[in-house]
Amino acid sequence: MEKMQDNQTPKYVIFSGGIGGAKLIEGFYESVDPREIAVISNTGDDIIQFGLRICPDIDIVIYTLSNMVNKKHLWGLEGDTFSCLNMLKTFYGAGADWFHIGDKDFATHIYRTEMLKKGYKLSNVIQNIIDKLKVKCQIFPMAEEYIPTRLETDLGTLHFEEYFVKYQTRPKIRKIIYGGSNDVMIPEKIDSTLSQCEKIIIAPSNPFLSIQPILEIPFYKEILKKNKKKVIAVTPIIKGRAVKGPTISNMKSMGLEPTSWGVAKYYQEFISKYVFDESEVMADLDIIIEKYRKCGIEAFPYDTLMNSIKKKKMLATFIARL
Ligand code: FO1
């Protein structure tokens with residue numbers, strides 16, 4: 001492939017949440033020149049623990065691409081220990097360790113928090129961290145500010161991570177309170193990167209809890225609608241089940257059809273292509289394709305279950321060629 005000039009803008013911009021998005025990003029990262037990739041990451045999961053700024057979705061992508069991620073959980077660092085967290089329980093009480101932060105992981109949060117306190121923008125701090133961890137693609141937070149997603153549930157108003165981790169997604173979500181608004185600061189270069197890239201890919205992340213926090217910032221929804229022609233989404237649902245996480249129950253509580261079709265409808269106003277799982281092609285493929293076409297979406301069946309690096313690369317390569 002042709003050598004990329006450093007000042008060239010990335011070809012592929014991937015909107016991503018945590019683990020599902022990180023798998024597809026890894027597929028791209030291992031298939032094309034990493035400098036052709038830019039990630040726009042949800043930061044609605046961000047949380048302040050023990051006075052430290054944690055960016056779970058960004059860290060999952062960074063640790064995955066630097067091959068440091070915990071291979072079992074797909075978040076946190078491989079081989080991490082938890083002595084610091086155990087000692088913190090002495091001061092904060094037994095329940096203080098509901099969010100498992102490892103000793104090495106603390107280093108990332110300490111460094112990030114210190115840099116933010118010095119006045120650096122989050123996007124600059126992330127750039128610094130990926131330089132130090134030798135990650136070769138660009139990773140942007142969706143906004144410079146701390147704008148966590150909160151959830152109104154039957155247990156009261158919860159931070160996203162309380163819902164997701166502390167209460168293991170058991171609470172019933174009544175309303176999602178997004179932090180995004182017109183007032184947030186979009187990291188520099190994102191506007192030109194989105195305008196000049198070849199493809200914008202909505203990764204197979206939770207549409208409501210990982211992608212919508214980004215879209216709640218009007219700038220993104222508008223620029224996606226304007227560039228609809230180059231927007232491709234990948235289903236996070238295969239045969240009525242999410243690969244991971246509470247997407248199905250979220251869709252039911254939002255009154256949406258909990259299927260890959262339901263997700264495409266949710267994204268309909270700003271996507272022109274959609275990749276759904278080939279295992280769903282039971283009836284006549286033409287009927288399925290026609291159903292999507294009627295909504296202005298060109299749909300493609302493919303193996304979207306990314307349970308090996310080979311399949312992550314195949315899916316990424318398939319998308320890159322659409
Ligand atoms: N996920 C969990 O299920 N349990 C945890 O204790 C946990 C800790 C954690 C610490 C740092 C970090 O960057 C991510 C962490 N995650 C944990 C993952 C995270 O909660 C979710 O995977 C994402 O927020 C969802 O995309």
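Here, the structure is the one placed above.
To start, this report covers the structure provided alongside it. (Residues numbered from 1 in each chain as written. Predicted model: local features only at pLDDT ≥ 70, side-chain atom pairs only at ≥ 80, totals over all residues. Heavy atoms only, no water.)

### Some thoughts on the overall build of the chain
Along the backbone of the chain there are 13 helices and 14 strands. Computed over its C-alpha atoms, the radius of gyration of the chain comes to 19 Å, within 12% of the 20 Å expected for a compact globule of 322 residues. Per-residue burial for the chain yields a buried fraction of 54% across its 322 residues. In the chain, of all internal contacts separated by at least 6 residues, the share reaching a separation of at least 24 is 72%. Summed over all atoms, the accessible surface of the chain reaches about 14700 Å², with 54% contributed by carbon and sulfur. Averaged over its 44 positive side-chain charges, the chain has a centre that lies 2 Å from the centre of its 39 negative ones. (Helix = DSSP H or I, 4+ residues; strand = E, 2+ residues; numbered from the N terminus. Rg over C-alpha atoms; globule rule 2.2 N^0.38 Å. Buried < 20%, exposed > 50% of the residue type's maximum accessible area, 1.4 Å probe, protein only. Contact = heavy atoms within 4.5 Å. Areas by Shrake-Rupley, 256 points an atom, 1.4 Å probe, with all protein chains shown as cover. Lys, Arg positive; Asp, Glu negative; His and termini not counted. Charge placed at Lys NZ, Arg CZ, Asp CG, Glu CD.)

### Some points on the nonpolar core
One broad rule of soluble globular proteins: the nonpolar side chains tend to lie buried together. Judged by nonpolar contacts, the single largest core of 49 residues is most densely connected at F15, I40, L194, I202, Y220, Y274 and Y292. Among the elements that line this core, the one with the most residues is helix α8 (residues 207-215), at 5 residues. Look past the residues within four positions of Y292 in its chain and what remains in contact with it is S260, W261, A264, Y274, F276, I297 and A299. Counting 42 residues, the second largest nonpolar core, distinct from the first, contains Y12, Y29, L122 and V275. (Core = buried A, V, L, I, M, F, W, Y, C linked by side-chain atoms within 4.5 Å.)

### What about the site of the ligand?
The ligand sits among 14 residues. The nearest are D45, P56, D57, H100 and E161. Measuring from a nitrogen atom of the ligand, one finds a side-chain N or O atom of W75 at 3.4 Å. Within the backbone of H100, a nitrogen or oxygen atom sits 2.9 Å from an oxygen atom of the ligand. Burial of the ligand by the surrounding chains reaches 92%, relative to a free accessible area of 530 Å². Of all the elements in the fold, those that place two or more residues in the shell around the ligand are α2 (56-65) and α6 (160-166). Tallying contributions element by element places α6 first for the shell around the ligand, with 4 residues. (Near = heavy atom within 4 Å. Polar contact = N/O pair within 3.5 Å; in protein donor to acceptor, adjacent residues only side chain to side chain.)

### Describing the packing of aromatic side chains
Under the definition given, this model contains 16 aromatic pairs. When the centroid spacing of 6.5 Å and the interplanar angle of 55° are considered together, the rings of F160 and Y163 count as tilted. Taken together, the residues F160 and Y163, both in helix α6 and 3 residues apart, mark about one turn of the helix. With respect to burial, F160 and Y163 carry one shared label: buried. Over the ring of W261 we find K291, and its NZ or CZ is 4.4 Å from the ring centre. (Phe/Tyr/Trp six-rings, centres within 6.5 Å; stacked < 30°, edge-to-face > 60°. Lys NZ or Arg CZ within 6 Å of the ring centre and 35° of its normal.)

### Structural notes on the sheet that holds strand β14 (residues 298-302)
Spatial strand order, β5-β2-β1-β9-β10-β13-β14: 7 strands in an open sheet with parallel pairing. At either margin of the open sheet sits one strand with a lone partner, and together these are β5 (138-141) and β14. Taking the axes of each pair of neighbouring strands and ignoring which way they run, one obtains an average angle of 20° across the sheet. Where strand β1 (residues 12-16) meets strand β9 (residues 199-202), 4 bridges bridge the pair, whose relative direction is parallel. Bridge assignment links I14 to a residue of β9, and that residue is I201. (Pairing = 2+ DSSP bridges. Axes fitted to C-alpha atoms, helices over the stretch in contact; angles between N-to-C directions.)

### With respect to helix α5 (residues 122-132)
When α5 is considered as a whole, its buried residues turn out to be L122, S123, V125, I126, I129 and I130. Each buried residue of α5 lies within a common arc of 160° when the element is viewed along its axis, so the set occupies one face. Considering only its buried residues, α5 is in contact with β4 (52-54), α2, α4 (103-117) and β5. Phi for K134, located one or two positions after α5, is positive at around 60°. (Arc of directions from axis to C-beta.)

### Re the layout of surface pockets
Taken as a whole, the second largest pocket spans an internal volume of roughly 250 Å³. Lining the second largest pocket we find 14 residues, and of these E26, T64, V69, L74 and K312 sit closest to its centre. Mapped by element, the contributors of at least two residues to the lining of the second largest pocket are α1 (19-29) and α2. Looking at the lining of the second largest pocket, the element that brings in the most residues is α1, giving 5 residues. A breakdown of the residues in the lining of the second largest pocket according to their chemical character gives 7 nonpolar, 2 polar and 5 charged. (1 Å grid on protein atoms, 1.4 Å probe; cavity = no way out; pocket = protein on both sides within 12 Å on 5 of 7 lines; lining within 4 Å. Points joined across faces, edges and corners; volume = space filled by probe spheres on them. Nonpolar A, V, L, I, M, F, W, Y, C, P; charged D, E, K, R; others polar.)

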